[in-house]
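As a plain string of letters, each chain reads:
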Amino acid sequence: MDFSPASRGGAFGARKSSKTGDIGGVLPERSFNAESMGSPARKSSDDGAMNDGDRWKFCVVLGAQWGDEGKGKLVDILAQDAQVCARFNGGANAGHTLVVDGRKYAFHLMPCGIINRSCKNLIGNGVACHLPTLMKELEQLKEFDPRAVERVFISTRTHLLVDSHQLIDGILEAEASSHSIGTTKRGIGPCYSSKSIRNGLRFADLLHFETFEARLRELIKWSQKRFGEEGEADQPSQQLLRKCLREYNTRKAFDPEHGARGGVGSLEEEIERYRQFSQMLRHQIVDSVTFIHEEIMRGNRVLVEGANAALLDIDFGTYPFVTSSNTTIGGVCTGLGVPPKVIDNIVGVVKAYTTRVGNGPFPSELQNERQDLADFAGEYIGEALTIERKGDTRGPYGLSTGDVVKVGEMLQEVGHEYGTTTGRRRRCGWLDIPLVKYSAMVNGFHSISITKLDVLTGLKEIRIAVAYRSVDMTEVRLPSGYFPSHLEDLKKVVCEYETVQGWKEDISKCRRFADLPAGAKRYVLRIQELVGVPVSSVGVGPDRNDVLVL
Ligand code: GDP
C-alpha cells in the first residue's frame, strides 16, 4: 500500500486543483470522487457508492466543530458496510436517532452498527458507560433483533458510570450557577473524575462481583461524604439532589423537578440491579484490545463513531466549555487500544455553517438562544417556506421570495437547530474556516463531509469566515490553523469574511455534484480550497438518502 501524501488525495492535491471560479468544468479529480470517502490508497469504484467498504479498513468519523454536525447519518450509511462498529469516548450525552423499517430507535450509548445484523458493536475502554441506559437500549431492540445482545461487546476496561455520578453532576452544575458548563447532567464528568482519581469501577469488576460490591459501597460512601452535606448557599435543586445522594435514591437523578427517570430507591437495590446485569452480560464483557486486534487481523472493516466534536475536546476544545473526554483522533487510540497506523480513513463532519450549544465565545455568531442579537440582514431569493416552530407562541416561521431575513434566525429555524428534548435553540453563525482548519490539523482528516448545505438555500449571499484577526491589531491576520486556547483571547477574535453568491434552487433532490446549482458548487469548492482537505460527501436534506457523494 502506498501511503505517500500524494496517494492520499490530501490537502495538496485538493488545493492545487480546485479554483474558486472553476465550477462548471473539470472537478478536482482526486478530491471529488468516491475514493476520498474511503481508504485513500484504494481504488475508486464505478458507482461511487459511499458505503463501499472496500475503500477503508478502519474508518473514523469525527465531529469537526462544536457538535450536532449530523454525524449520525454518515455513520449510519457507513455502518452498513462495517463488520465492527465501535465507540471510543463520551457517554450517554451524545447519540442519534435511527429509523429502521419505519421504527425510530434513539441510541445514546449503542454504536449504530447494531442495526446491521452482521455487525459486532464494541463499547471501548474510553467510554463512560451507564449500564442501565445501555440495557434500556438493548431492550428497545428486542423486537428488531432478539439476539442483539450477542453482538454487543464491552471492554473490561470501560468505566461504569453509576447513578451517584449523575447526582453529583446535577449538584455541581447548579453550584457553578452563572458560569455553568451546561452539561447534560448525565454524570459523564464525575465518572471521568472517578477514573482519574482512581476510585472508579470498571466492567472487569462486574466479573468479580464481590470486588464490585465492595468498591461500589466505597465509592458511594466517598460521594456521600464529599457531596451529600448541605451547603449554606445551596439551591433547592441541590438540596434535593444531596438528599437523594445521602439516601441513595436515584429515581430523580438528573431531573429533580420533573420526577422519576428510572434509577433505584436504595444502594441495596442498585447492587442487585448490577448483579443481574453482570449475569446477563457475562459473555459480552471482553478484553477489547485482543478483540479489536483480532478483527483487524482477520481483515474485517472497523467503523469508529466519535461522540461530541473537536471543539468540545477536553484538551483541544474551548476549555472549560468542553466535554470530559478526548473527542479528537488521539482519543481513538487511547479509547480503543489501537495504534495510529491501523487508521486508514478519518472523516471530519462539517456543518455548512456553525452552531454551538451553551456558553462561551463564538466568533462568527449571528444569533443566540434567546434570539436577541442584532443578527445579519440578508436577502432571501428561494421559494416560499413555512416551518413549524413547536411550542412557540409566534406560530410558524415563514420565508417569502424577496424577504430581508435575519440569517442567524433563518439557520435556527430552517436547520431545526434546537435540542430535541430541551427545545433550546442552538447559537448559529457563518461557517468558521479557521476553526475547521484547526480541527483538521488536530485530526488529520483525509476528507470532510459537509452537512446541511440545503439549509443555506435561498440566501442571495453567503459569508464565510476565512481568517481570524485580533481586535487589538486588526491589520494582522492570525496564523492559519491557530485557534486561541484561552477564552479571553477567543473573545478578542474578529472574523474576516468573504462573500460568495448563493443559490435559489431546491437542492434536496440532487444526488451528484454536477446536479448542484452553480452557487452551491462554488460554496463547496471554496470550503475545500480554504480548509485544504477534499470534500467526500455533501448532505442536502435530513433523510439518509439526501446525500451526494463526490
Ligand atoms: P450528531 O449529533 O452530529 O450525530 O447529529 P445528528 O446525526 O443527530 O444530526 C442532527 C440532525 O441533522 C438530524 O435530525 C439529521 O436528520 C439532520 N441532518 C443531518 N444531515 C442533514 C442534512 O444534510 N440536511 C438537513 N436538512 N438535515 C440534516
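Residues numbered from 1 in each chain as written. Predicted model: local features only at pLDDT ≥ 70, side-chain atom pairs only at ≥ 80, totals over all residues. Heavy atoms only, no water.

Novice: I would appreciate a short explanation of the sheet that holds strand E25 (residues 547-549) in the present structure.
Specialist: The strands making up a sheet associate through backbone hydrogen bonding, with each pair oriented either parallel or antiparallel. Pairing within the open sheet is mixed, and its 10 strands lie in the order E9-E7-E5-E2-E10-E1-E11-E20-E24-E25. If you trace the sheet from one side to the other, it starts and ends with strand E9 (285-286) and E25, each paired once. Of the strand pairs in this sheet, strand E20 (residues 447-451) and strand E24 (residues 535-539) are connected by 3 bridges, and their pairing is parallel. Bridge pairing in E24 places Ile-450 opposite Val-538. The strands touched by helix H10 (residues 288-297) within the sheet are strand E1 (58-63), strand E2 (84-87), strand E5 (120-123), strand E7 (152-155), E9 and strand E10 (302-309), with E5 carrying the most contacts at an inclination of about 145 degrees. (Pairing = 2+ DSSP bridges. Helix = DSSP H or I, 4+ residues; strand = E, 2+ residues; numbered from the N terminus. Contact = heavy atoms within 4.5 Å. Axes fitted to C-alpha atoms, helices over the stretch in contact; angles between N-to-C directions.)

Novice: So what exactly am I meant to see when it comes to the nonpolar core here?
Specialist: For soluble globular proteins, nonpolar side chains are generally found buried alongside one another. Core analysis: the biggest nonpolar cluster contains 85 residues, and Phe-58, Val-332, Leu-336, Leu-453 and Tyr-523 have the highest contact counts within it. Examining the composition of this core, we find that 7 residues originate from one element, helix H15 (residues 518-531), more than from any other. Each of domain 1 (58-155 + 285-350) and domain 3 (354-549) gives at least three residues to this core. Sequence-distant contacts of Phe-58, defined by excluding residues within four places in its chain, comprise Ile-292, Ile-296, Val-302, Val-304, Val-332, Leu-336, Val-338, Val-342, Ile-343, Asp-344 and Asn-345. (Core = buried A, V, L, I, M, F, W, Y, C linked by side-chain atoms within 4.5 Å. Buried < 20%, exposed > 50% of the residue type's maximum accessible area, 1.4 Å probe, protein only. Domains from an automatic or database assignment.)

Novice: Would you mind showing me how to read the site of the ligand here?
Specialist: The full set of residues close to the ligand is Asp-68, Glu-69, Gly-70, Lys-71, Gly-72, Lys-73, Lys-452, Asp-454, Gly-539, Val-540, Gly-541 and Pro-542. Here an oxygen atom of the ligand and a backbone polar atom of Glu-69 are 3.1 Å apart. In this structure, Gly-541 approaches the ligand through a main-chain N or O atom, which is 3.3 Å from a nitrogen atom. Relative to its free-state accessible area of 580 Å², the ligand is covered by the protein chains to the extent of 76%. The residue makeup of the shell around the ligand, split by class, is 2 nonpolar, 4 polar and 6 charged. Mapping the shell around the ligand onto the domain boundaries places at least three of its residues in each of domain 1 (58-155 + 285-350) and domain 3 (354-549). (Near = heavy atom within 4 Å. Polar contact = N/O pair within 3.5 Å; in protein donor to acceptor, adjacent residues only side chain to side chain. Areas by Shrake-Rupley, 256 points an atom, 1.4 Å probe, with all protein chains shown as cover. Nonpolar A, V, L, I, M, F, W, Y, C, P; charged D, E, K, R; others polar.)

Novice: Can you help me understand the UniProt feature "binding site: substrate" (unreviewed entry) in the chain in this one?
Specialist: Within this numbering scheme, the UniProt entry marks Thr-420, Thr-421, Thr-422, Gly-423, Arg-424, Arg-425 and Arg-426 as carrying the feature "binding site: substrate" (unreviewed entry). By the element assignment, Arg-424 lies in the loop between helix H12 (407-414) and strand E18 (427-429). Excluding anything up to four places from it in sequence, Arg-424 contacts Gly-358, Glu-369, Glu-417, Tyr-418 and Gly-419. A distance of 3.1 Å separates the side chain of Arg-424 from the side chain of Glu-369, its partner in a polar contact. (UniProt positions renumbered as here; feature names shortened; annotations may be inferred.)

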